[in-house]
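# Coordinate inspection notes
Spelled out, the chains give:
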Amino acid sequence: MATAARRNASAMKMVGALLALYRQNAGLTQKALGERFVVGEQQIASIEQGRRPLKSDLAEQLDELLDTKGALSTALSRMPEIDLIPLWAEEYLDCEREAITISWYESLLVPGLLQTEAHARAVYRSRIPVYSEDEIEAFVAARIARREILQRKVPPTTSFVIWEAALRDRLGGRDVYREQLQHLRKYAELPGISLQIMPLGRTSHAGLEGPFILLETPEHQRLAYSETQRGSILVASPDEVGILAQKYAMLRTQALNTEDTRDLLDHLLGEA
């Protein structure tokens, strides 16, 4: 299942290992190399570990600096061609992999980082125009792989606020729905993760303009991300990010606290 996705991940690790070898042969640390290209030590480390793709323009610059005779660019050109992620989402996913804090408000779906495999499959099967089964399996594998950041030894500090309406749809049927609720209930107990539900029936709601995500990078840059039917936008403007941060702070006061959220999940499980 999702053989192409696994092949792509293996190729990323291979390219990363090549970069590490050439960097070490040149007598450079990850920090020193990152400073040469103003990308930072963390980004170089992530590329070498196969967690972040090496972009073609950076590969060409690295080939020149490390005198690799074009080895990195050639290796990159031989990677499996699989368009798992739209170009407009790649920049966000690069930031998500490295984020030290994530704050996510979702009104339509269970947040991607919290979806079970079966639920993610049901989400992709609901898409119009429809995906092929091979495409669905590749997308599901990529989405589930993203959850790795929550399992790290030092995971990002993460907060989720989910509108209850997103937890009432039974995508995939009763068994998939119940498994998803159980999965959320488990994550609601994990340290470093705050899960809150915005209940139906509130007389005020700070998130009516749609879902969004706030990120903080290792360099302490604050970013925001939102998606629409036609694409997405990654926001770096401090003023615009600040407005969304204010909305998120208000959402957290309007939502159930974490203890009451666990009680509501227990209630929903009892009804499932």
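Report follows, based on the coordinates. In this text, all values refer to a predicted model and were calculated from it rather than measured experimentally. (Residues numbered from 1 in each chain as written. Predicted model: local features only at pLDDT ≥ 70, side-chain atom pairs only at ≥ 80, totals over all residues. Heavy atoms only, no water.)

## Regarding the overall build of the protein
The helix and strand inventory of the protein stands at 11 helices and six strands. Relative to a compact globule of 272 residues, whose C-alpha radius of gyration would be 19 Å, the protein shows 20 Å and is just as compact. Oriented by its inertia axes, the alpha-carbon framework of the protein measures out at about 65 × 40 × 35 Å. Burial analysis of the protein (272 residues in total) assigns 46% to the buried set. (Helix = DSSP H or I, 4+ residues; strand = E, 2+ residues; numbered from the N terminus. Rg over C-alpha atoms; globule rule 2.2 N^0.38 Å. Buried < 20%, exposed > 50% of the residue type's maximum accessible area, 1.4 Å probe, protein only.)

## Some details on the environment of Arg23
Secondary-structure assignment places Arg23 in helix α1 (residues 3–25). For Arg23 and Leu62, which are 39 residues apart along the polypeptide, the C-alpha to C-alpha distance reads 9.0 Å. Setting aside residues up to four positions removed in sequence, Arg23 forms contacts with Leu28, Thr29, Gln30, Leu33, Glu48 and Leu66. In terms of polar contacts, Arg23 uses its side chain to reach the side chain of Glu48, at 2.6 Å. (Contact = heavy atoms within 4.5 Å. Polar contact = N/O pair within 3.5 Å; in protein donor to acceptor, adjacent residues only side chain to side chain.)

## Structural notes on the sheet that holds strand β3 (residues 193–198)
Sheet architecture is open: six strands sit in the order β3-β2-β1-β4-β5-β6, paired in mixed fashion. The sheet is open, and its two borders are formed by β3 and β6 (231–235), each paired with just one other strand. Within the sheet, the average angular offset between the axes of one strand and its neighbour, ignoring direction, is 10°. The pairing of strand β4 (residues 212–216) with strand β5 (residues 222–228) spans four bridges and is antiparallel. When the bridges of β5 are listed, Glu216 appears paired with Arg222. (Pairing = 2+ DSSP bridges. Axes fitted to C-alpha atoms, helices over the stretch in contact; angles between N-to-C directions.)

## Some details on empty space enclosed by the protein
What the rule picks out here adds up to one cavity of 30 Å³ or more. Counted as a void, the largest cavity has a volume near 60 Å³. Every residue along the wall of the largest cavity is listed here: Val110, His119, Ala166, Leu167, Asp169, Arg170, Leu171, Val176, Tyr177, Gln180, Leu181 and Leu184. Element by element, the count of residues in the lining of the largest cavity is highest for helix α9 (residues 174–187), at five residues. Class assignment for the residues of the lining of the largest cavity results in eight nonpolar, two polar and two charged. (1 Å grid on protein atoms, 1.4 Å probe; cavity = no way out; pocket = protein on both sides within 12 Å on 5 of 7 lines; lining within 4 Å. Points joined across faces, edges and corners; volume = space filled by probe spheres on them. Nonpolar A, V, L, I, M, F, W, Y, C, P; charged D, E, K, R; others polar.)

## Comments concerning the packing of α9 against helix α11 (residues 258–271)
Between α9 and α11, the least distance of the axes is 10 Å, while the angle of their chain directions is 160°. Overall, the two elements α9 and α11 adopt an arrangement that is roughly antiparallel. Crossing of α9 over α11 shows left-handed handedness. Across the interface between the two elements, Tyr177, Arg178, Leu181, Gln182, Leu184 and Arg185 from α9 touch Arg262, Leu265, Asp266, Leu268 and Leu269 from α11. Residues that form the contact of α9 with α11 fall into these classes: six nonpolar, one polar and four charged. (Parallel < 35°, antiparallel > 145°, perpendicular 65-115°, else oblique. Left-handed = near helix turned anticlockwise from the far one by under 90°.)

## Remarks on the packing of helix α7 (residues 117–125) against helix α8 (residues 133–146)
One can describe the packing of α7 onto α8 by two numbers: an axis separation of 9 Å at closest approach and a directional angle of 135°. In terms of orientation, α7 lies oblique with respect to α8. The two elements α7 and α8 meet at a crossing, and its hand is right-handed. Counting all contacts with α7, which are made through Glu117, Ala120, Arg121, Val123, Tyr124 and Arg125, the residues of α8 involved are Glu133, Ile136, Glu137, Phe139, Val140, Arg143 and Ile144.

## A few points about the packing of aromatic side chains
If you walk through the whole model with that rule in mind, you get seven aromatic pairs. Ring centres 4.1 Å apart and planes at 20° place the aromatic pair Tyr92 and Tyr225 in the stacked group. Of this pair, Tyr92 sits in helix α6 (residues 87–98) while Tyr225 sits in strand β5, and the two are 133 residues apart along the sequence. Per residue, the accessibility class of Tyr92 equals that of Tyr225, and both read buried. Judged by centre distance (5.2 Å) and plane angle (25°), the rings of Tyr124 and Phe139 are stacked. Here the residue Tyr124 occupies a position in helix α7, and Phe139 occupies one in helix α8, the gap between them amounting to 15 residues. Note on Phe139: relative accessible area 13%, which makes it buried. Among the aromatic residues, ring-to-ring pairing joins Tyr105, Phe212 and Tyr248 into one connected group. Taking NZ or CZ as reference, Arg127 lies 4.2 Å from the ring centre of Tyr131, over its face. (Phe/Tyr/Trp six-rings, centres within 6.5 Å; stacked < 30°, edge-to-face > 60°. Lys NZ or Arg CZ within 6 Å of the ring centre and 35° of its normal.)

## Topic: the pattern of salt bridges
Considering all chains together, one arrives at 17 salt bridges under this definition. Here Arg121 ties to Glu137 by a salt bridge, and the two come within 2.8 Å at their closest N and O atoms. Residue Arg121 is found in helix α7, and its partner Glu137 is found in helix α8; the two are separated by 16 residues along the sequence. Across this residue pair, the class does not change: Arg121 and Glu137 are buried. Between Glu271 and Arg168 there is a salt bridge; the shortest N-O distance is 3.3 Å. Of the two residues, Glu271 is situated in helix α11 and Arg168 in the loop between β2 (157–163) and α9; the sequence distance between them amounts to 103 residues. Taking relative accessible area as the criterion, Glu271 reaches 41% and is therefore assigned partly exposed. Judged by its relative accessible area of 37%, Arg168 falls in the partly exposed class. (Salt bridge = Lys/Arg side-chain N within 4 Å of Asp/Glu carboxyl O.)

These figures come from the coordinates and say nothing about function on their own.
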